[in-house]
Amino acid sequence: MSATNNCQDKTSHNEGVFHEFEEVHIPVPWGYISGIWWGSKAIQPILALHGRQDNAGSFDKLIPLLSKSISVLCLDLPGHGLSSHYPKGQFYYVHWEGLILLRRIVKHYKWSKVKLLGHSLGGAISFLYAASYPQEVEFVISLDIVSPSVKDVTKTVTITGDHIDKFLKFENLTLDSVPCYEYHEMIAIVEDAYKGSITKESAEILMKRGMQPALIPGKHYFSRDPRLKVSLLGMLSMDLVLSYAAQIKCAYLNIRAVPGMVFDQPENYHKVLDVIKETARKFEYHEVEGTHHVHLNNPERVAPIINQFISSLN
């Protein structure tokens, strides 16, 4: 199912802040990637990547609190927000395809070095990119994630068949068959689905890019590709994650939310950080109180850490 994508109004979501932003479309072979470019177009931006099933609006409350000396390009990953969905029949191997997408963006703008900011899936993709191109990344700022999560292999085995069958079902949904809801129902569904990780206000922010008008007047449908619900195949093993971690050479900041995200194997978080700490040219780790989406719910807890880290590199 392909969503109808409309450009977002250039008026800021956050009234009274100094940042201006512009909606951008970046061509890719299957359509385009949408994004929000905050700040001056004359400054190479930090590339910001959101979490799975979120969108570029995930950073709407954080970016205005960051230094006005920077610019940030927040991307909608494929199938998310206002970006084109992958062609029918193509599965979402989100970590690997995210890595390839990030390389496409860098090549599109002809950047020789990049700065990365990622939350959840976006942080995991940034991890893979920094390890794959260690001489081309200036820094990584990772929010409540360190690497692709290592899953319990017994759980992976038990869900494989179910995910394949759901993928085949989801790819046949059309705009006249996809579930649609009234606005207040949509917000309630989103808030409930995140199981306490986001507030109602945060749900409304995400849905600015996360839903589209349905064919039925007054109803809306989720703009993200439903196939993303079953995109957990192709996960990494712990030995592979540690091997990637050992290749990271850039400055690195990790902000862990407490309690934050719940992992299958939480002990792996610091095992990976310990490896990065040995190879990164600068390493910082901070904990802040909040949910997995603390950067969206309570950005004032995250922004000062990011600002200090960036200023320390200048």
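All residue numbers refer to positions counted from 1 along the written sequence of the respective chain. Only residues with pLDDT of 70 or above have their local features reported here, since the model is predicted, and side-chain atom pairs are shown and tallied only from 80 upward, although totals for entire chains, interfaces and linings are computed over all residues. Values reported for side chains reflect all heavy atoms of the structure, with hydrogen atoms and water molecules removed beforehand.

## Structural notes on the UniProt feature "domain: AB hydrolase-1" (unreviewed entry) in the protein
UniProt positions are given in the numbering used here, feature names are shortened, and annotations may be inferred rather than shown by experiment. Feature annotation in UniProt places "domain: AB hydrolase-1" (unreviewed entry) on residues 45-146, given in this structure's numbering. Helix makes up 27% of residues 45-146 and strand makes up 21%, while its end C-alpha atoms are separated by 22 Å. Elements are defined by DSSP. Helices are runs of H or I of four residues or more, strands are runs of E of two residues or more, and each kind is numbered from the N terminus.

## Looking at the pairing of strand β2 (residues 31-38)
Among the 8 residues in β2, 6 count as buried, and that is most of the element. By the convention used here, strands pair only if DSSP detects at least 2 bridges between them. Bridge count for strand β1 (residues 21-28) against β2 is 8 bridges, and the pairing is antiparallel. Bridge assignment links Ile26 to a residue of β2, and that residue is Ile33. Both β2 and strand β4 (residues 72-75) contribute to a ladder of 4 bridges, which runs antiparallel. Bridge pairing in β4 links Trp38 to Val72. Each residue is assigned to one of three classes by its accessible area relative to the maximum for its type, calculated with a 1.4 Å probe on protein chains only: buried under 20%, partly exposed between the two thresholds, exposed over 50%.

## Looking at the packing of aromatic side chains
Only Phe, Tyr and Trp rings are paired, with Trp represented by its six-membered ring, and only when their centres lie within 6.5 Å; those with planes under 30 degrees apart are stacked, over 60 edge-to-face, the remainder tilted. Enumeration over the complete set of coordinates arrives at 13 aromatic pairs. An aromatic cluster of at least three residues, connected via ring pairs, comprises Trp30, Tyr86 and Tyr92. Sitting over the face of the ring of Trp37, Lys41 holds its NZ or CZ atom 4.8 Å from the ring centroid. Taking NZ or CZ as reference, Arg103 lies 3.7 Å from the ring centre of Tyr133, over its face. Whether a charge sits over a ring depends on NZ of Lys or CZ of Arg being within 6 Å of the ring centre and within 35 degrees of the ring normal.

## Side note on the layout of surface pockets
Using only the protein atoms, space was sampled on a 1 Å grid; points where a 1.4 Å probe fits but cannot get out form cavities, open sets with protein on both sides within 12 Å along at least five of seven lines form pockets, and lining residues are those with an atom within 4 Å of a point. Grid points are joined across faces, edges and corners, and a volume is the space filled by probe spheres set on the points. Estimated volume of the largest pocket: approximately 1,200 Å³. Every residue lining the largest pocket is counted, 42 residues in all, and those nearest its centre are Arg52, Gln53, Ala193, Tyr194 and Met261. Secondary structure elements with two or more residues in the lining of the largest pocket: α1 (94-109), α2 (121-132), α4 (183-193) and β8 (220-222). Looking at which element gives the most residues to the lining of the largest pocket, the answer is α4, with 3 residues. Looking at the lining of the largest pocket, its residues break down into 22 nonpolar, 12 polar and 8 charged. Note on residue categories: nonpolar means Ala, Val, Leu, Ile, Met, Phe, Trp, Tyr, Cys or Pro, charged means Asp, Glu, Lys or Arg, and polar means any other residue, Gly included.

## Comments concerning the sheet that holds strand β6 (residues 137-143)
Judged by pairing direction, the sheet is mixed, and its 8 strands sit side by side in the order β1-β2-β4-β3-β5-β6-β9-β10 without closing on themselves. The sheet is open, and its two borders are formed by β1 and β10 (282-290), each paired with just one other strand. Neighbour to neighbour, the strand axes of the sheet diverge by 20° on average, direction disregarded. The contact criterion used is simple: two residues touch if any of their non-hydrogen atoms lie within 4.5 Å. Interaxial angles span 0 to 180 degrees and are taken between N-to-C directions of axes, which are lines fitted to C-alpha atoms, for helices over the stretch in contact. Of the strands in this sheet, β3 (46-49), β5 (114-119) and β6 are in contact with α2, which crosses β5 at around 145°.

## A short note on the environment of Ile26
With respect to the element layout, Ile26 can be found in strand β1. Looking at Ile26, the relative accessible area reads 1%, which means it is buried. In sequence terms Ile26 and His108 are 82 residues apart; their C-alpha atoms lie 8.0 Å from each other. If we ignore the near neighbours within four places in the chain, the residues touching Ile26 are Gly31, Tyr32, Ile33, Leu73, Leu75, Ile105, His108 and Tyr109.

## Considering the pattern of salt bridges
By convention in these notes, a salt bridge is any Lys or Arg side-chain nitrogen within 4 Å of a carboxyl oxygen on Asp or Glu. Applying the stated criterion across every chain, the model contains 10 salt bridges. Among the salt bridges present, the one from Lys61 reaches Glu201, with a minimum N-O distance of 3.6 Å. One end of the pair, Lys61, is in the loop between β3 and β4; the other, Glu201, is in helix α5 (residues 200-210), and 140 residues separate them in sequence. The partner of Arg103 in a salt bridge is Glu136, and the shortest N-O contact between them spans 2.7 Å. Linking Arg103 in helix α1 with Glu136 in the loop between α2 and β6, this pair joins segments that are 33 residues apart in sequence. A single network of salt bridges, built from pairs that share partners, joins Glu23, Asp76 and Arg209.

## Description of the pairing of β4
Burial along β4 is two-sided: the residues Val72 and Cys74 and Leu73 and Leu75 are all buried. Inspection of the sheet shows β3 paired to β4 by 4 bridges, in the parallel sense. If you follow Ile46 over to β4, its bridge partner there is Val72.

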